[in-house]
There are 2 protein chains.
Amino acid sequence: MKANIELLEHKAYNLRVLSLKATTQAGSGHPTSALSAADIVSALFFHAMHYNSADQYDINNDRFVLSKGHAAPVLYAAWKEVGLLTQEQVLTLREFNSIFEGHPTARFAYNEAATGSLGIGLSIGLGMALSARISKHHFYTYVLMGDSEMAEGSIWEACEVAAYYKVNNLIGIIDVNRLGQSTQTIEGHNIEDYKAKLDAFGWHTFTINGHNMLEIVNALDAARTVKNKPSIIIARTYKGYGLEGIENEENYHGRAFSKEQLQELLDKLEKRFYKAAHAKFDNIQKKTETDFKKLVPEVINLPSPVYKLDSKIATRKAYGEALKVAGQSSQKVISLDAEVKNSTFSEIFEQSFPERFFQCFVAEQNMIGMATGFARMGFIPFSSTFGAFMTRAHDQIRMAAIGQEPLRLAGSHCGVSIGQDGPSQMALEDIALMRAVPNSVVLYPSDATSTYKLLNLMLNYDSGISYLRLTREATPVLYNSQEEFKIGGCKIVKQSQNDQLCIIAAGITVFEALKAYNILKEQNILVSIIDLYSVKPMDTETIKNIVIKSQNKVVTVEDHFIQGGLGEAVCYELRNLNIKIELLAVKELSRSGKPEELLAYHKIDTNAIIETAKKLIKS
Amino acid sequence: MKANIELLEHKAYNLRVLSLKATTQAGSGHPTSALSAADIVSALFFHAMHYNSADQYDINNDRFVLSKGHAAPVLYAAWKEVGLLTQEQVLTLREFNSIFEGHPTARFAYNEAATGSLGIGLSIGLGMALSARISKHHFYTYVLMGDSEMAEGSIWEACEVAAYYKVNNLIGIIDVNRLGQSTQTIEGHNIEDYKAKLDAFGWHTFTINGHNMLEIVNALDAARTVKNKPSIIIARTYKGYGLEGIENEENYHGRAFSKEQLQELLDKLEKRFYKAAHAKFDNIQKKTETDFKKLVPEVINLPSPVYKLDSKIATRKAYGEALKVAGQSSQKVISLDAEVKNSTFSEIFEQSFPERFFQCFVAEQNMIGMATGFARMGFIPFSSTFGAFMTRAHDQIRMAAIGQEPLRLAGSHCGVSIGQDGPSQMALEDIALMRAVPNSVVLYPSDATSTYKLLNLMLNYDSGISYLRLTREATPVLYNSQEEFKIGGCKIVKQSQNDQLCIIAAGITVFEALKAYNILKEQNILVSIIDLYSVKPMDTETIKNIVIKSQNKVVTVEDHFIQGGLGEAVCYELRNLNIKIELLAVKELSRSGKPEELLAYHKIDTNAIIETAKKLIKS
């Protein structure tokens with residue numbers, strides 16, 4: 001389609017005006033960051049992108065990710081210009097009841113990704129672009145970045161992996177307006193510096209004047225013809241472009257203009273862009289609103305697992321096996337690995353479904369960003385790495401929760417029980433981190449059967465992040481294939497009429513608790529044991545019930561730091577019950593050693609349980 | 001100094017032999033990753049690096065960071081070859097009582113940085129290199145990286161910032177052995193791909209054969225003569241170099257050889273490197289052991305703060321002001337910013353001490369890595385950004401704790417009370433994350449005076465990470481300049497003889513609690529209020545004492561997610577007291593809105609406190 005430059009300039013003008021009005025109305029926001037991008041956004045929405053504005057779910061729609069989320073007003077203004085929003089709606093920007101938040105979130109359904117933490121959009125776009133490849137559709141994904149965020153390493157992770165996958169349907173644009181929040185960027189306006197880096201990273205690059213509509217359009221057109229490479233358009237722009245005395249000046253980041261200033265600025269804008277301001281066009285855009293009722297995903301029921309009771313298998317291996325069965329059950333299931341597939345056993349999935357397995361190399365942030373993009377496109381991505389290295393991507397996990405994308409995460413090698421590799425490889429804070437994510441689910445299986453069944457539950461959990469905590473060592477199969485598990489459930493592993501105390505454990509410590517049970521039983525001390533495989537949400541009612549029947553005495557035991565872990569969560573849930581409770585958990589820095597030495601050192605082993613239980617029973 | 005190639009080859013041979021023996025003895029580890037690096041490490045330790053092995057504290061010593069921490073055996077073997085360790089010591093590798101952990105930690109005092117999570121060493125090295133600049137010393141810092149970790153974005157953050165600072169005393173070496181843990185790296189053996197990227201990032205690059213000692217030595221010599229740029233040596237190597245049938249083959253990552261295999265491998269190694277194996281040299285290295293008693297840092301006492309009671313000032317602003325005073329009090333204090341200095345007010349420090357202020361741009365992982373390097377060299381770096389964006393660097397924070405480096409962190413814009421900018425900008429998980437770090441301290445001041453005094457405490461806290469949680473909004477000054485604060489303390493803000501309940505708050509919620517107090521008092525309901533400014537460690541004794549005097553009833557209120565926050569911590573501390581407690585905290589996804597709207601929406605405002613208090617008092 002030949003570009004209508006006059007139309008695009010007119011639309012860009014309108015984007016500027018509404019971005020200014022909305023931020024002044026809100027009394028806060030980032031108008032100058034919107035203005036540097038207005039010409040680019042106009043060219044994207046009204047020339048480059050192919051989409052059916054009446055149907056957001058049209059799988060052939062091109063996609064737009066605003067990585068520089070602080071420029072949100074220009075995104076909302078664009079959808080207003082598309083005809084799907086009114087000016088009045090956009091003018092509710094940043095109000096409590098408005099879906100037009102300060103930085104775009106999932107509450108504005110046309111928005112493809114929650115952004116506002118910098119440097120995450122390109123990874124999300126990469127996931128979306130690759131989803132087109134698997135589903136054999138041909139849409140393009142556009143990602144608009146700011147220049148400040150090019151300092152984020154996650155961007156370069158995405159650059160590397162995108163080039164590796166030769167995704168020519170991913171087109172990035174950098175709005176190089178030179179100015180960050182408080183200072184000039186490293187590169188300033190030297191767009192050739194970005195070009196050199198991106199060339200070296202294997203991208204097809206364009207350098208343009210980001211306020212020359214013809215240059216923008218030509219680059220966007222050319223980018224769609226590039227083969228075997230992602231493309232990036234490096235656009236030299238001015239922050240606050242169009243505002244005399246403000247354009248390209250420092251100290252205007254994140255500052256809305258007063259109502260008095262606004263009228264003066266709008267008057268000047270109109271004079272400067274007189275032709276664009278007064279151009280007349282028929283509204284060629286549709287006004288149909290998309291029906292945004294959430295698509296109901298299919299329920300996936302995996303066949304029963306086949307683990308033999310008491311045989312030994314690591315939960316991480318059961319994860320790989322269950323993931324493969326999930327892949328057989330649904331074409332939507334994909335697997336992302338951060339180059340530890342032989343440790344997490346996601347390689348079992350890869351062997352069966354190489355086309356749905358994505359090697360993301362040692363770059364966890366980009367892996368989680370990619371998963372977010374895949375999830376947005378309706379896929380069911382399972383991302384796995386060592387639980388310790390999930391910390392690397394916590395910002396991306398946090399942002400996916402704000403974006404309400406149901407990430408499925410699996411962290412292996414959790415706890416001190418990994419042994420000799422030492423503390424850098426031990427996840428000891430992952431329960432705390434994953435619990436502190438809105439709508440998250442934290443699952444921690446002890447054996448292969450429960451791992452398999454919990455993975456099945458994750459498949460069907462669509463309301464937020466779900467996290468599966470996995471153990472390195474092989475553990476005995478505890479549950480037969482008929483056992484039922486549920487999100488928010490627990491298992492009563494031992495119970496009698498004469499329990500003097502309840503032990504609440506999960507994962508590897510369930511087996512320490514069982515050993516303690518046997519020894520205590522020989523001493524005529526009976527205790528109940530709960531396998532708290534669902535740490536969040538928690539089956540508080542069942543726990544209360546068992547605890548009351550266990551003389552109101554509880555020992556929790558976990559291979560995790562005490563802070564924010566299972567024990568604190570139990571303490572909170574049982575807070576007003578007048579019980580006696582003690583928490584066994586890791587309370588100090590760990591080290592290399594044999595698993596059993598470390599469980600003993602940190603007092604989360606059988607002996608520690610027995611000793612604590614006896615003390616509590618006597619008290 | 002002219003290189004003695006024969007000596008270096010002999011030493012490299014010895015490093016290989018001991019790396020193999022130690023991992024076989026341990027029954028686990030990464031011998032092949034040690035072997036690809038052995039020639040480089042030999043050239044570093046016995047030719048390139050200038051250091052006084054008898055005095056680790058000699059400030060002129062060159063420094064070595066093993067970023068590929070899984071090659072730990074080669075590091076220990078090198079120090080054995082230096083003469084400071086015995087073979088017997090190194091052969092305790094990975095044992096519980098050994099300081100030679102699976103990945104190097106702070107327990108081996110010669111080790112400059114805890115590594116094992118990939119991609120963090122270059123940032124730490126950059127901090128060390130820049131510390132030489134401030135302290136006007138002339139040592140070089142060498143960082144040995146693996147090729148897999150070049151996929152980590154944090155590496156590229158460090159590359160960018162190091163080039164920006166023109167640190168010619170930072171020399172990186174990439175051990176390009178082609179093979180990752182489970183698959184080939186993206187670049188494989190194409191060392192020119194790395195060169196192109198690093199050239200574009202502004203580094204001086206060398207490409208060499210990493211098993212040709214002359215090439216290694218020449219590159220290392222040349223790197224020391226480079227001006228105004230960091231240097232990097234990209235060395236093509238073979239994983240498992242020297243081991244016939246294993247060298248450059250897949251499936252040997254992280255696998256120690258059996259005792260039977262070992263002898264065969266050693267025999268072959270001896271044949272292949274016969275000359276190096278049998279070379280004879282006088283031991284030219286010193287054997288003096290360094291005295292590793294920890295240096296006792298000076299205690300810094302800042303002058304009294306000067307905030308007027310009831311005047312309004314944001315704690316983030318008080319942070320900037322206190323940081324400046326700290327900078328006046330000690331030349332060791334430095335400030336690192338992730339391009340939000342006008343939001344965290346670290347710009348106040350910059351204005352006074354530009355030479356001790358480091359702009360790290362929007363790259364939080366590298367900022368924390370740099371701070372770790374500065375801390376290692378005895379500086380007192382304060383790193384600040386939005387609390388939400390600390391999540392980006394959680395792996396680096398975790399690793400600094402393993403490295404026992406006392407990072408000082410300040411996170412601004414915490415909680416929903418930031419308002420309109422929306423959830424992406426709100427730190428709501430930072431207390432949970434920072435609590436779950438061994439030896440960490442979590443401080444959360446409510447007013448300017450306490451901010452100032454708590455920063456003074458952080459200055460003198462040297463045993464781990466300390467975190468200062470800061471609020472965006474201005475709050476009234478509550479404390480006069482004579483008030484005393486301590487790590488592990490709290491303030492009893494309100495107390496009477498007739499308290500019916502205790503409210504435990506911190507930061508912004510202290511003021512909501514005070515408003516609730518006044519309203520309740522009008523209704524003849526008296527309550528006590530605790531300002532829990534030290535969330536970790538907690539002043540449990542004082543709290544217990546006040547709670548007992550407050551009818552054993554407690555409401556906690558915090559602008560943070562409930563999971564892992566202040567309330568759960570209190571629940572744990574008061575677990576066996578038979579009290580009634582309710583927790584007010586953020587329990588759902590937040591959104592844009594006015595601060596007061598959001599405090600009300602999440603039920604952490606005055607009304608929620610009153611309602612909950614009344615219910616609890618009636619119960």
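Description of the structure in this document. (Residues numbered from 1 in each chain as written. Chains lettered and ligands numbered in written order. Predicted model: local features only at pLDDT ≥ 70, side-chain atom pairs only at ≥ 80, totals over all residues. Heavy atoms only, no water.)

On to the overall build of chain A. Helix and strand counts for chain A stand at 22 helices and 19 strands. For 619 residues, the compact-globule formula gives about 25 Å, and the C-alpha radius of gyration of chain A, at 27 Å, lands near that figure. By the burial criterion, 68% of the 619 residues in chain A qualify as buried. Nonlocal contacts in chain A, meaning residues at least 24 apart in sequence, comprise 79% of its contacts between residues at least 6 apart. Summed over all atoms, the accessible surface of chain A reaches about 19900 Å², with 47% contributed by carbon and sulfur. Taken together, the 65 basic and 69 acidic charged side chains of chain A have centroids lying 3 Å from each other. (Helix = DSSP H or I, 4+ residues; strand = E, 2+ residues; numbered from the N terminus. Rg over C-alpha atoms; globule rule 2.2 N^0.38 Å. Buried < 20%, exposed > 50% of the residue type's maximum accessible area, 1.4 Å probe, protein only. Contact = heavy atoms within 4.5 Å. Areas by Shrake-Rupley, 256 points an atom, 1.4 Å probe, with all protein chains shown as cover. Lys, Arg positive; Asp, Glu negative; His and termini not counted. Charge placed at Lys NZ, Arg CZ, Asp CG, Glu CD.)

Residue and element names in this part refer to chain B. Taken together, 7 strands build an open sheet; the order of strands is 8-7-9-10-12-11-17 and the sheet is mixed. The open sheet has two edge strands with one neighbour each: strand 8 (357–359) and strand 17 (534–536). Taking the axes of each pair of neighbouring strands and ignoring which way they run, one obtains an average angle of 20° across the sheet. Taken together, the 3 bridges between strand 7 (residues 333–337) and strand 8 define a ladder with parallel strand orientation. What sits directly across from Asp-337, in strand 8, is Gln-359. The strands touched by helix 18 (residues 448–459) are strand 7, strand 9 (380–386), strand 10 (408–412), strand 11 (441–443) and strand 12 (466–469); relative to strand 12, the strand with the most contacts, the crossing angle is about 170°. (Pairing = 2+ DSSP bridges. Axes fitted to C-alpha atoms, helices over the stretch in contact; angles between N-to-C directions.)

Looking now at the nonpolar core. With 190 residues, the main nonpolar core has Leu-198 and Trp-203 of chain A together with Leu-198, Trp-203 and Phe-358 of chain B as its most contacted residues. Those residues in contact with Leu-198 of chain B that lie beyond four places of it in its chain are Met-150, Trp-156, Cys-159, Ile-174, Trp-203, Thr-205, Ile-232 and Ile-234 of chain B. Membership of the second largest hydrophobic core comes to 68 residues, among which are Leu-15, Ala-34, Leu-91 and Ala-223 of chain B. (Core = buried A, V, L, I, M, F, W, Y, C linked by side-chain atoms within 4.5 Å.)

Along the chain, the position of Arg-94 of chain A falls in the loop between helix 4 (87–90) and helix 5 (121–135). Residue classification places Arg-94 of chain A among the buried residues on the basis of a relative accessible area of 4%. Looking at Arg-94 of chain A, its side chain comes within polar contact range of the side chain of Asp-421 of chain B, at 2.6 Å. Beyond its immediate chain neighbours, meaning those up to four positions away, Arg-94 of chain A contacts Ala-26, Ser-28, Gly-29, His-30, Phe-100, Glu-101, Gly-102 and His-103 of chain A together with Gln-420, Asp-421, Ser-592 and Gly-593 of chain B. (Polar contact = N/O pair within 3.5 Å; in protein donor to acceptor, adjacent residues only side chain to side chain.)

Further remarks concern helix 19 (residues 540–549) of chain A. All names here are of chain A. If you check which residues of helix 19 are buried, you get Thr-540, Ile-543, Ile-546 and Val-547. Down the axis of helix 19, the smallest arc covering the buried residues is 135°, so these residues share one side. Exposed and facing more than 90 degrees away from the buried side of helix 19 are Glu-541 and Ile-548. Contacts from the buried residues of helix 19 go to strand 14 (491–494), strand 15 (502–505), strand 16 (528–531), strand 18 (553–561) and helix 20 (566–573). One or two steps after helix 19, the chain reaches Gln-551, where phi turns positive at roughly 60°. (Arc of directions from axis to C-beta.)

Backbone torsion omega between Lys-536 of chain A and Pro-537 of chain A reads -5°, so that peptide bond is classified as cis. Mapped onto the secondary structure, Pro-537 of chain A falls in the loop between strand 17 (534–536) and helix 19.

Let's shift gears to the pairing of strand 5 (residues 231–236) of chain B. All names here are of chain B. Of all the 6 residues making up strand 5, 5 are buried; the element is thus mostly covered by neighbouring parts of the structure. Two strands pair when backbone bridges link them, and strand 4 (residues 204–209) and strand 5 are joined in this way by 6 bridges, in the parallel orientation. For Thr-207, the partnering residue across the bridge sits in strand 5 and is Ile-234. Tracing the backbone out of strand 4, into helix 8 (residues 213–223) and back to the parallel element strand 5 gives a crossover that is right-handed. (Right-handed = clockwise from strand over helix to strand, strands pointing away.)

Further remarks concern the interface of chain A and chain B. The interface is formed by 102 residues belonging to chain A together with 102 residues belonging to chain B. Together, Phe-96, Ile-186 and Arg-392 of chain A form the three largest contributors to the area buried by chain A at its contact with chain B, with a combined 10%. At the junction of chain A with chain B, the criterion picks out 12 salt bridges. Between Glu-582 of chain A and Arg-575 of chain B there is a salt bridge; the shortest N-O distance is 3.0 Å. Put simply, chain A and chain B have 55 residue pairs in polar contact (both at pLDDT 80 or more) between them. Of the residues forming the side of chain A that touches chain B, the biggest block, 7 residues, is contributed by helix 15 (residues 394–402) of chain A. The class makeup of the residues in the side of chain A that touches chain B is 37 nonpolar, 37 polar and 28 charged. (Buried area = accessible area lost by both parts, 1.4 Å probe. Salt bridge = Lys/Arg side-chain N within 4 Å of Asp/Glu carboxyl O. Nonpolar A, V, L, I, M, F, W, Y, C, P; charged D, E, K, R; others polar.)

With that settled, the discussion passes to the pattern of salt bridges. Within the structure shown, the criterion is met by 52 salt bridges over all chains. Across the pair Asp-421 of chain B and Arg-94 of chain A runs a salt bridge, and its minimum N-O distance is 2.6 Å. Pair noted here: Asp-421 of chain B is in the loop between strand 10 and helix 17 (430–435) and Arg-94 of chain A is in the loop between helix 4 and helix 5, and the two residues belong to different chains. Summarising the burial analysis for this pair, Asp-421 of chain B and Arg-94 of chain A share the class buried. Residues Asp-395 of chain A and Arg-398 of chain A are paired through a salt bridge, measuring 2.9 Å at the closest nitrogen-oxygen approach. With Asp-395 of chain A and Arg-398 of chain A both in helix 15 and 3 residues apart, the pair spans about one turn of that helix. Comparing Asp-395 of chain A with Arg-398 of chain A shows no difference in burial state: the two are buried.

Tracing the backbone shows Ser-304 of chain A in the loop between helix 10 (274–278) and strand 6 (312–314). Those residues in contact with Ser-304 of chain A that lie beyond four places of it in its chain are Tyr-452 and Ser-481 of chain A.

Here we come to the packing of helix 20 of chain A against helix 21 (residues 566–573) of chain B. At a closest axis distance of 9 Å, the pairing of helix 20 of chain A and helix 21 of chain B adopts a crossing angle of 80°. Overall, the two elements helix 20 of chain A and helix 21 of chain B adopt an arrangement that is roughly perpendicular. Here Glu-568, Ala-569, Cys-571 and Tyr-572 of chain A of helix 20 of chain A lie close against helix 21 of chain B, whose contacting residues are Glu-568, Ala-569, Cys-571 and Tyr-572 of chain B. Looking at the contact of helix 20 of chain A with helix 21 of chain B residue by residue, the class counts come to 6 nonpolar, no polar and 2 charged. (Parallel < 35°, antiparallel > 145°, perpendicular 65-115°, else oblique.)

All names here are of chain B. Here 5 strands make up an open sheet; going across it, the order is 14-16-15-18-19 and the pairing mixed. In the strand order of this sheet, the two ends are held by strand 14 (491–494) and strand 19 (580–586), each with one partner. Put simply, the sheet's adjacent strands are angled 20° from each other on average, direction ignored. Taken together, the 4 bridges between strand 15 (residues 502–505) and strand 18 (residues 553–561) define a ladder with parallel strand orientation.

For the pair chain A and chain B, the relating rotation is 180°, the translation along its axis is 0.0 Å, and the fit reaches an RMSD of 0.0 Å. Considering both components of the superposition, the chain copies are consistent with a two-fold axis. Both copies share a contact surface, since 100% of the interface residues of chain A are interface residues in chain B too. (Least-squares fit on C-alpha atoms with pLDDT ≥ 70 in both.)

What follows concerns the side chain of Ser-42 of chain B. Residues and elements named next belong to chain B. Mapped onto the fold, Ser-42 is located in helix 2 (residues 31–48). Owing to a relative accessible area of 0%, Ser-42 belongs among the buried residues under this scheme. Sequence-distant contacts of Ser-42, that is, excluding residues within four places in its chain, are made with Leu-8, Lys-11, Ala-12, Leu-15, His-47 and Met-213.

Over its 22 residues, helix 1 (residues 5–26) of chain B extends 31 Å from the first C-alpha to the last, a length consistent with the 32 Å expected when each residue adds 1.5 Å. Just downstream of helix 1 of chain B, Gly-27 of chain B is the residue with a positive phi angle, here 80°. (Expected span 1.5 Å × (residues − 1).)

Next up on the list: the packing of helix 7 (residues 191–200) of chain A against helix 7 (residues 191–200) of chain B. When two helices pack together, their arrangement is given by the angle between the helix axes and by the axis-to-axis distance. Running from N to C, helix 7 of chain A and helix 7 of chain B cross one another at 165°; their axes reach a closest spacing of 8 Å. Considering the angle they form, helix 7 of chain A stands roughly antiparallel to helix 7 of chain B. The two elements helix 7 of chain A and helix 7 of chain B meet at a crossing, and its hand is left-handed. Contact residues: Ala-196, Lys-197 and Ala-200 of chain A in helix 7 of chain A; Ala-196, Lys-197 and Ala-200 of chain B in helix 7 of chain B. Looking at the contact of helix 7 of chain A with helix 7 of chain B residue by residue, the class counts come to 4 nonpolar, no polar and 2 charged. (Left-handed = near helix turned anticlockwise from the far one by under 90°.)

A few words now on the environment of Leu-85 of chain B. Residue and element names in this part refer to chain B. Locating Leu-85 in the fold gives a position in the loop between helix 3 (72–82) and helix 4 (87–90). The sequence separation of Leu-85 and Phe-389 amounts to 304 residues, and the corresponding C-alpha distance is 42 Å. Beyond its immediate stretch of four places on either side in the chain, Leu-85 contacts Tyr-76, Trp-79, Lys-80, Val-90, Phe-100 and Phe-108.

Any functional reading would require information that these geometric values do not contain.
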